[in-house]
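Analysis of the macromolecular model
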Amino acid sequence: MSGDRPSPLVIERILRDRESIWQQIVAERDLNALTGRMLTSSAIALACYGAVLGFFHSPLMALTSALKLPLLFLVTLVICLPTLYLFNLVFGARLSVRQSLALVMVAITVTSMLAVAFAPISLFFLITANDYGFFKLLNVSILTLSALVGLRFLTSGMQVLNDHGLLAPEVANATVDGQASAPAPIQAVPAAVPAGPTPTAAPVAGQSAEPIAVPAGAAVAESTANGAVTTATAPAQVPTQWAGQPAGASFPPGMLPPGHVAQRPWDGRAVRRGEPTQRPASMTLLYIWILLFGFVGTQLAWTLRPFFGDPGQDFSLFRSIDGNFYAEILRIIGNL
């Protein structure tokens, strides 16, 4: 399945062909349509799951929870997305707003679809174990697990973008995937003839019979496999035996034997696939942003409560803001 033929269900495409999702985000191809589909799917799934939560109290609470649960995720996204985007800009990443939004929407879509997949289990315990504290703790655990899986997709997507160089600042003359961004300048090789006799050896096919004398530390032209020409520094000492030369043949310091190809020293700017690279600051900040997203989401959920509705209290659209989400969870665990 390719990005040009999307699945009718966007969650199926995300789970079955996630590589095409990442490539579409990298290429910024039809991101508005993709983001719109993910937003619609997430809103429907979260509304269905919210209805199950509120049905513990009454049909009216089920209706309000079906509206408030998608609102919870949407408002959390609106609050936290600018922080993610600015984090990337500050540390040199080249993500656009649409790419950042699409990445986060992938995580929210996976979270919402996984949560609605747990809805039959939640409904089962609602019918068979009518305990308010247990039902609340069960569904908080379901939402937490779903969010962790969704955020795992977010980190995977960011890693793909990192592999494409979108999370690291551009470096002049860097080599990406073996392709040089700018050719290295060609420097002339000083032709120095040493005083006194020079060792001779049998010529090798395609090579000069005479060694080339190069002063130690001089720049030496190097020809690579793809035809590019770079420079290296002549060594102060050379091995005592070279391929194609008689055993025991040696050359004075600074003398390069026939056919010697200088090795280009690594300059620290090359970035090639498969080589270990340092994690960009954007990836580190992503984990910090995930924690921030979690704190904002849980506090906003506490502000928008009730979602379940205590059967011992009358229906209310909102409750007074007292205490906090984490203290409430610890209180429920203690009561159980």
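Given the structure is predicted, the values throughout are model-derived calculations rather than measurements.

To continue, consider a nonpolar patch on the surface. Taken together, Leu60, Leu63, Leu67, Phe315, Leu317 and Phe318 make up a surface patch of nonpolar side chains, about 590 Å² in accessible area. Within the secondary structure, leucine 67 is located in helix 4 (residues 59–90). Given the relative accessible area of 60%, leucine 67 is considered exposed.

With that settled, the discussion passes to the nonpolar core. Counting residues in each nonpolar core, the largest one holds 55 residues, and the members touching the most others are Ile25, Leu154 and Trp289. Secondary structure elements with two or more residues in this core: helix 1 (10–16), helix 2 (18–27), helix 3 (31–54), helix 4, helix 5 (97–117), helix 6 (119–128), helix 7 (132–163) and helix 8 (281–304). With 10 residues, the top contributor of residues to this core is helix 7. Filtering out sequence-adjacent residues up to four positions away, tryptophan 289 remains in contact with Cys80, Leu81, Thr83, Leu84, Val104 and Leu154. Core analysis: the second largest hydrophobic core is formed by 6 residues, Leu137, Phe325, Ile329 and Ile332 among them.

One number sums up the size of the largest pocket: a volume of about 1100 Å³. Lining the largest pocket are 42 residues, with Val140, Gly297, Thr298, Ala301 and Phe325 sitting closest to its centre. Elements with a contribution of two residues or more to the lining of the largest pocket: helix 4, helix 5, helix 7, helix 8 and helix 9 (325–335). Class assignment for the residues of the lining of the largest pocket results in 25 nonpolar, 10 polar and 7 charged.

Our focus in this paragraph is the side chain of serine 112. Here serine 112 is to be found in helix 5. Judged by relative accessible area, serine 112 falls into the buried class, the value being 1%. A distance of 3.5 Å separates polar atoms of two side chains, one belonging to serine 112 and the other to serine 42.

Our next topic: the packing of aromatic side chains. Inspection of every chain in the model, using the stated rule, returns 8 aromatic pairs. Arranged with centres 5.4 Å apart and planes meeting at 80 degrees, the rings of phenylalanine 124 and phenylalanine 125 form a pair that is edge-to-face. Residue classification places phenylalanine 124 among the partly exposed positions, given a relative accessible area of 48%. Here the aromatic cluster, defined as three or more aromatic residues joined through ring pairs, consists of Phe56, Tyr132, Phe135 and Phe308. In this structure, lysine 68 is placed above the aromatic ring of phenylalanine 307, and the distance from its NZ or CZ to the ring centre is 5.3 Å.

A few words on the pattern of salt bridges. Under the criterion given, the structure shown has 2 salt bridges. The salt bridge partner of glutamate 12 is arginine 16, with a shortest N-O separation of 3.2 Å. In this pair, glutamate 12 and arginine 16 both sit in helix 1, 4 residues apart, roughly one turn of the helix. Judged by relative accessible area, which is 30%, glutamate 12 ranks as partly exposed. Among the residues examined, arginine 16 registers a relative accessible area of 65% and is labelled exposed. A salt bridge links glutamate 28 to arginine 98; the nearest nitrogen and oxygen atoms lie 3.6 Å apart.

Let us look at the confidence of the model for the protein. Overall, the predicted model of the protein reaches an average pLDDT of 74, with 63% of residues at or above 70. Ignoring residues within four places in sequence, the model shows residues 171–196, a span with pLDDT below 50, making 40 contacts including any to other chains. This model gives residues 237–243 a pLDDT under 50, and the stretch forms 13 contacts once residues within four places in sequence are excluded.

Cut-off values and rules
- Residues numbered from 1 in each chain as written.
- Predicted model: local features only at pLDDT ≥ 70, side-chain atom pairs only at ≥ 80, totals over all residues.
- Heavy atoms only, no water.
- Patch = residues over 30% accessible without salt bridge, like charges linked within 9 Å, V, L, I, M, F, W, Y side chains within 5 Å.
- Areas by Shrake-Rupley, 256 points an atom, 1.4 Å probe, with all protein chains shown as cover.
- Salt bridge = Lys/Arg side-chain N within 4 Å of Asp/Glu carboxyl O.
- Helix = DSSP H or I, 4+ residues; strand = E, 2+ residues; numbered from the N terminus.
- Buried < 20%, exposed > 50% of the residue type's maximum accessible area, 1.4 Å probe, protein only.
- Core = buried A, V, L, I, M, F, W, Y, C linked by side-chain atoms within 4.5 Å.
- Contact = heavy atoms within 4.5 Å.
- 1 Å grid on protein atoms, 1.4 Å probe; cavity = no way out; pocket = protein on both sides within 12 Å on 5 of 7 lines; lining within 4 Å.
- Points joined across faces, edges and corners; volume = space filled by probe spheres on them.
- Nonpolar A, V, L, I, M, F, W, Y, C, P; charged D, E, K, R; others polar.
- Polar contact = N/O pair within 3.5 Å; in protein donor to acceptor, adjacent residues only side chain to side chain.
- Phe/Tyr/Trp six-rings, centres within 6.5 Å; stacked < 30°, edge-to-face > 60°.
- Lys NZ or Arg CZ within 6 Å of the ring centre and 35° of its normal.
- pLDDT = per-residue confidence, 0-100.

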